[in-house]
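# Coordinates in review
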Amino acid sequence: MTKLIAVTSALYLLSASSIAIAETSKPTHDNLNSTLWYQTSAEFRANSIQTYRQAEFMLPTLLTDKKATALTNQTANYADLPPAIIVDIDETILDNSPSAAHEIKFNHGFDAKNWDRWVSLKQAKAVPGAVKFVNMAQQQGVKVLFISNRECKPRDQKSSCPQKDDTIANLKLVGIKQVDSNQVWLKSEQADWTSEKESRRILAANKFRVIMLMGDDFGDFLPNVKKNITPAQRLELVDKHEMYWGTRWFMLTNPTYGSWETILEQPKTKYLQSYE
Ligand SMILES: [Mg+2]
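In this report, the structure presented in the accompanying data block is examined. (Residues numbered from 1 in each chain as written. Predicted model: local features only at pLDDT ≥ 70, side-chain atom pairs only at ≥ 80, totals over all residues. Heavy atoms only, no water.)

From N to C terminus, the protein includes 9 helices and 9 strands. The C-alpha atoms of the protein give a radius of gyration of 21 Å, which matches the 19 Å a tight globule of 276 residues would have. Once the C-alpha set of the protein is aligned to its principal axes, its extents read approximately 70 × 55 × 35 Å. Split into buried and exposed, the 276 residues of the protein put 42% on the buried side. In the protein, the proportion of contacts linking residues at least 24 apart, taken out of those at least 6 apart, comes to 71%. Taken as a whole, the protein presents about 16,000 Å² of accessible surface, with 55% of it coming from carbon and sulfur. (Helix = DSSP H or I, 4+ residues; strand = E, 2+ residues; numbered from the N terminus. Rg over C-alpha atoms; globule rule 2.2 N^0.38 Å. Buried < 20%, exposed > 50% of the residue type's maximum accessible area, 1.4 Å probe, protein only. Contact = heavy atoms within 4.5 Å. Areas by Shrake-Rupley, 256 points an atom, 1.4 Å probe, with all protein chains shown as cover.)

A few words now on the nonpolar core. One recurring pattern in soluble globular proteins is that nonpolar side chains are buried together. If you look at the biggest cluster of nonpolar residues, it comprises 40 residues, and the most contacted ones within it are I85, I93, F133, F146, L171 and M212. Apart from residues no more than four positions distant in its own chain, F133 is found in contact with Y52, A55, E56, I85, M212 and M214. Within the second largest apolar cluster, 21 residues are counted, among which are W185, L222, V225 and I263. (Core = buried A, V, L, I, M, F, W, Y, C linked by side-chain atoms within 4.5 Å.)

Moving on to the packing of helix α1 (residues 32–40) against helix α3 (residues 97–105). Where α1 contacts α3, the two axes come as close as 10 Å, and the packing angle between them is 145 degrees. Once α1 is placed against α3, the crossing between them reads as left-handed. In this structure, α1 contributes L32, T35, Y38 and Q39 to the contact, and α3 contributes S97, P98, A100, A101 and I104. Looking at side-chain class alone, the contact of α1 with α3 contains 6 nonpolar, 3 polar and no charged residues. (Axes fitted to C-alpha atoms, helices over the stretch in contact; angles between N-to-C directions. Left-handed = near helix turned anticlockwise from the far one by under 90°. Nonpolar A, V, L, I, M, F, W, Y, C, P; charged D, E, K, R; others polar.)

With that out of the way, let us pick up the side chain of S99. Considering the arrangement of structural elements, one finds S99 in helix α3. Given the relative accessible area of 11%, S99 is considered buried. S99 has contacts with W115 and W118, leaving out every residue within four places of it along the chain.

Protein coordination at the magnesium ion comes from D88 (OD), D90 (O) and D216 (OD), with a distance range of 2.0 to 2.2 Å. Along the chain, the residues donating to the magnesium ion fall in the pattern D-x1-D-x125-D. Across the pair, D90 and D88 agree in class, each one buried. (Donors = N, O, S within 2.8 Å, 3.2 Å for Na, K, Ca; no water.)

Applying the stated criterion to the full structure yields 10 aromatic pairs. Arranged with centres 5.1 Å apart and planes meeting at 80 degrees, the rings of W245 and W249 form a pair that is edge-to-face. When its relative accessible area of 22% is taken as the criterion, W245 is described as partly exposed. By the ring-pair criterion, three or more aromatic residues cluster together here, those being F218, F221, Y244, W245 and W249. R248 extends its terminal NZ or CZ atom over the ring of Y244, reaching a point 4.8 Å from the ring centre. (Phe/Tyr/Trp six-rings, centres within 6.5 Å; stacked < 30°, edge-to-face > 60°. Lys NZ or Arg CZ within 6 Å of the ring centre and 35° of its normal.)

Inspection of every chain in the model, using the stated rule, returns 1 disulfide. Sulfur-sulfur distance for the disulfide between C152 and C161 comes to 2.1 Å. The disulfide joining C152 to C161 has a torsion of about -70 degrees about its S-S bond and is therefore left-handed. (Disulfide = S-S within 2.5 Å.)

Below, the discussion takes up the sheet that holds strand β8 (residues 209–215). Strands pair in a sheet through their backbones, by hydrogen bonds, and they do so in one of two ways: parallel or antiparallel. Pairing is parallel across the open sheet formed by 5 strands, whose spatial order is β7-β6-β3-β8-β9. Each edge of the sheet is formed by a strand with only one pairing partner; in this case those strands are β7 (184–187) and β9 (249–251). Shown here is a sheet whose adjacent strand axes are inclined to one another by a mean of 20 degrees, direction ignored. In the sheet, strand β6 (residues 143–151) pairs with β7 via 4 bridges, with the strands oriented parallel. Bridge pairing in β7 links S148 to L186. Contacting β3 (83–87), β8 and β9, helix α2 (residues 42–64) crosses the sheet at an angle of about 175 degrees to β8. (Pairing = 2+ DSSP bridges.)

Take the pattern of salt bridges next. A complete count under the given rule lists 13 salt bridges for this structure. Taking the shortest distance from any N to any O, the salt bridge between D116 and R155 comes out at 2.7 Å. Residue D116 is found in helix α4 (residues 112–121), and its partner R155 is found in the loop between β6 and α6 (162–173); the two are separated by 39 residues along the sequence. Members of the salt-bridge network, linked through shared partners, are D116, K122, R155 and D166. (Salt bridge = Lys/Arg side-chain N within 4 Å of Asp/Glu carboxyl O.)

Laid out in structure tokens, this is it:
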């Protein structure tokens, strides 16, 4: 196993053959390792492909079984509704790791201005496996709904949600063949579309039999899991829904950010489980 040494020091080139490393007290950006894992590892790529492949395997069964729904509260009169899949966008379909890399390289934290610039560039690549899966599902007559917490924020007078146009363009650029404004539901696009996605899932359930949920955050699957909850309570909820994982719910990996982290109180080290 490679031992990663946190070297944030300057490199001084003393001669062609000798490099001395001067250590400083500046800490390594705490997203360095997770971003490198996301951007360079075979392990991340394989895991992502594996998740989408599993979803592909489950699709015929879920389409045939008219009782199948991925929403725990979709309980009545849904069998004959047209089938749909709800996917999150960021770190589920689009890979925003260059935004994380920018934070590390220029030593800043997440901020709305940098994020909006990244969205406007439309340069996100696809999460491995995602495009093939979405195109295949839509080819089979499944509506794919993109429910995202990318936020609508006017940049000028021209549009109330330029982020929506950018996002649709980016999705097309990575190869999603069918995506229009009716399929992309962004945060703040309507008054009750908050970062809690449940209201949008309920809306989807009125029109569709929702057969799959795909996301990288627990909040893409259940309500009330993004604040005022402990890690232990979230783990219990994962176990309580064991039968959904890999059958109707598909979780992509995201070690760089998410509600898993924002629910932690300071100091985060108190959550470490070590040994004496
Ligand atoms: Mg996401």
